[in-house]
Amino acid sequence: IGKTAFQGCPNLISVTILGVKSIGENAFFTCEKLSSVTISGNVDSIEEFAFYRCPVLSNLTLLDGVKSIGENSFLDCNITQVTIPGSVTFMGPSPFKSNRFLNSITILEGVTSISRYAFKSLNGLKTVIIPNSVTVIDDYAFSECYSLRDVIIPDGVTYIGIEAFNRCRNLYNI
């Protein structure tokens with residue numbers, strides 16, 4: 001799917017992406033009624049800003065096989081839960097930043113790094129379980145997750161970045 005292919009389509013409600021290898025930059029930018037997206041494992045990469053500012057996007061399914069989630073790809077959406085498949089080898093900065101209602105994140109075994117600002121400003125997030133395969137939690141990864149209470153960090157994590165959990169006011173257990 002090419003760059004800006006469906007940008008600003010005001011009546012697009014649901015998208016299932018099956019047979020393409022890449023979702024281009026700004027491909028679905030500002031699709032104001034887009035509420036549901038399913039991305040098959042055939043898709044190698046979701047480019048930067050692909051679904052930026054889709055304000056009612058709440059239902060996101062990423063299937064195993066997706067390898068790359070680009071910078072700001074789901075910034076300013078209203079996703080409520082997400083599972084990061086173990087096939088993901090790259091996450092650009094801020095892929096899920098500012099999804100105010102994102103309260104459940106499942107990161108599957110195989111993911112090795114949590115990128116800068118990956119889950120910054122997720123006000124509804126309460127618990128995160130980081131799989132044993134993760135070795136890096138980059139700068140600001142969970143910064144300003146005000147409701148975050150519990151984080152399980154595996155022994156294999158060798159780097160926790162600058163302000164990775166900054167301003168997590170309700171963090172009680174690590």
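I will try to describe carefully the structure that is included in this document. Worth saying up front: this structure is predicted, and the values here are computed from it rather than measured.

**Structural notes on the overall build of the protein**
Then, in step 1: Counting its regular elements, the protein contains zero helices and 14 strands.
Then, in step 2: Ordered by position in the sequence, the α and β elements of the protein form the string β-β-β-β-β-β-β-β-β-β-β-β-β-β.
Then, in step 3: Scaling as 2.2 N^0.38, a compact globule of 174 residues should have a C-alpha radius of gyration of about 16 Å, and the protein matches this with 15 Å.
Then, in step 4: C-alpha atoms of the protein, sized along the principal axes, occupy 45 × 25 × 20 Å.
Then, in step 5: Expressed as a percentage of the 174 residues in the protein, the buried residues total 47%.
Then, in step 6: Of the contacts formed within the protein by residues at least 6 apart in sequence, a portion of 21% connects residues at least 24 apart.
Then, in step 7: Of the charged side chains in the protein, 13 are positive and 15 negative, and the gap between their average positions amounts to 8 Å.

**Considering unusual backbone geometry**
Then, in step 1: The phi dihedral of arginine 53 is positive, around 55 degrees, even though this residue is not glycine.
Then, in step 2: Here arginine 53 is to be found in the loop between β4 (45-46) and β5 (59-62).
Then, in step 3: One non-glycine residue, glutamate 144, adopts positive backbone phi at about 65 degrees.
Then, in step 4: Note that glutamate 144 resides in the loop between β12 (136-137) and β13 (150-152).

**Examining the nonpolar core**
Then, in step 1: Residues Ile39, Ile46, Phe51, Phe74 and Phe142 are the most contacted members of the largest nonpolar core, which totals 49 residues.
Then, in step 2: Elements with a contribution of two residues or more to this core: β1 (14-17), β3 (36-39), β5, β7 (81-84) and β9 (104-107).
Then, in step 3: When near neighbours in sequence (up to four residues on either side) are disregarded, isoleucine 39 contacts Ile17, Ile23, Ile46, Phe51, Leu60, Thr61, Leu62, Leu63, Val66 and Phe74.

**What to know about the state of the cysteines**
Then, in step 1: In the structure shown here, the tally under the stated rule is zero disulfides.
Then, in step 2: Free cysteine cysteine 145: the closest other cysteine sulfur is in cysteine 168, separated by 5.2 Å.
Then, in step 3: By relative accessible area, cysteine 168 is classed as buried at 10%.

**What to know about the environment of serine 87**
Then, in step 1: Looking at the secondary structure, you find serine 87 in the loop between β7 and β8 (90-91).
Then, in step 2: Under the relative-accessibility criterion, serine 87 is labelled buried at 18%.
Then, in step 3: Considering only alpha carbons, one finds serine 87 and glycine 41, 46 residues apart in sequence, at a separation of 8.9 Å.
Then, in step 4: When sequence neighbours within four positions are dropped, the list of residues in contact with serine 87 reads Asp64, Gly65, Val66 and Lys67.
Then, in step 5: At 3.3 Å, the side chain of serine 87 forms a polar contact with the side chain of aspartate 64.

**Here we look at the packing of aromatic side chains**
Then, in step 1: What the rule picks out here adds up to 10 aromatic pairs.
Then, in step 2: Measuring from ring centre to ring centre gives 5.1 Å for phenylalanine 6 and phenylalanine 28, while their planes differ by 10 degrees; the resulting arrangement is stacked. In this pair, phenylalanine 6 sits in the segment before β1 while phenylalanine 28 sits in the loop between β2 (22-23) and β3, placing the two residues 22 residues apart along the sequence.
Then, in step 3: A centroid spacing of 4.8 Å and a plane angle of 0 degrees characterise the contact between phenylalanine 28 and phenylalanine 51, whose relative ring orientation is stacked. Of this pair, phenylalanine 28 sits in the loop between β2 and β3 while phenylalanine 51 sits in the loop between β4 and β5, and the two are 23 residues apart along the sequence.
Then, in step 4: Each residue in the set Phe6, Phe28, Phe51, Phe74, Phe96, Phe119, Phe142 and Phe165 is aromatic and connected to the rest through ring pairs, giving one cluster.
Then, in step 5: Above the ring of tyrosine 146, the side-chain terminus of arginine 169 is found at 4.0 Å from the ring centroid.

Cut-off values and rules
- Residues numbered from 1 in each chain as written.
- Predicted model: local features only at pLDDT ≥ 70, side-chain atom pairs only at ≥ 80, totals over all residues.
- Heavy atoms only, no water.
- Helix = DSSP H or I, 4+ residues; strand = E, 2+ residues; numbered from the N terminus.
- Rg over C-alpha atoms; globule rule 2.2 N^0.38 Å.
- Buried < 20%, exposed > 50% of the residue type's maximum accessible area, 1.4 Å probe, protein only.
- Contact = heavy atoms within 4.5 Å.
- Lys, Arg positive; Asp, Glu negative; His and termini not counted.
- Charge placed at Lys NZ, Arg CZ, Asp CG, Glu CD.
- Core = buried A, V, L, I, M, F, W, Y, C linked by side-chain atoms within 4.5 Å.
- Disulfide = S-S within 2.5 Å.
- Polar contact = N/O pair within 3.5 Å; in protein donor to acceptor, adjacent residues only side chain to side chain.
- Phe/Tyr/Trp six-rings, centres within 6.5 Å; stacked < 30°, edge-to-face > 60°.
- Lys NZ or Arg CZ within 6 Å of the ring centre and 35° of its normal.

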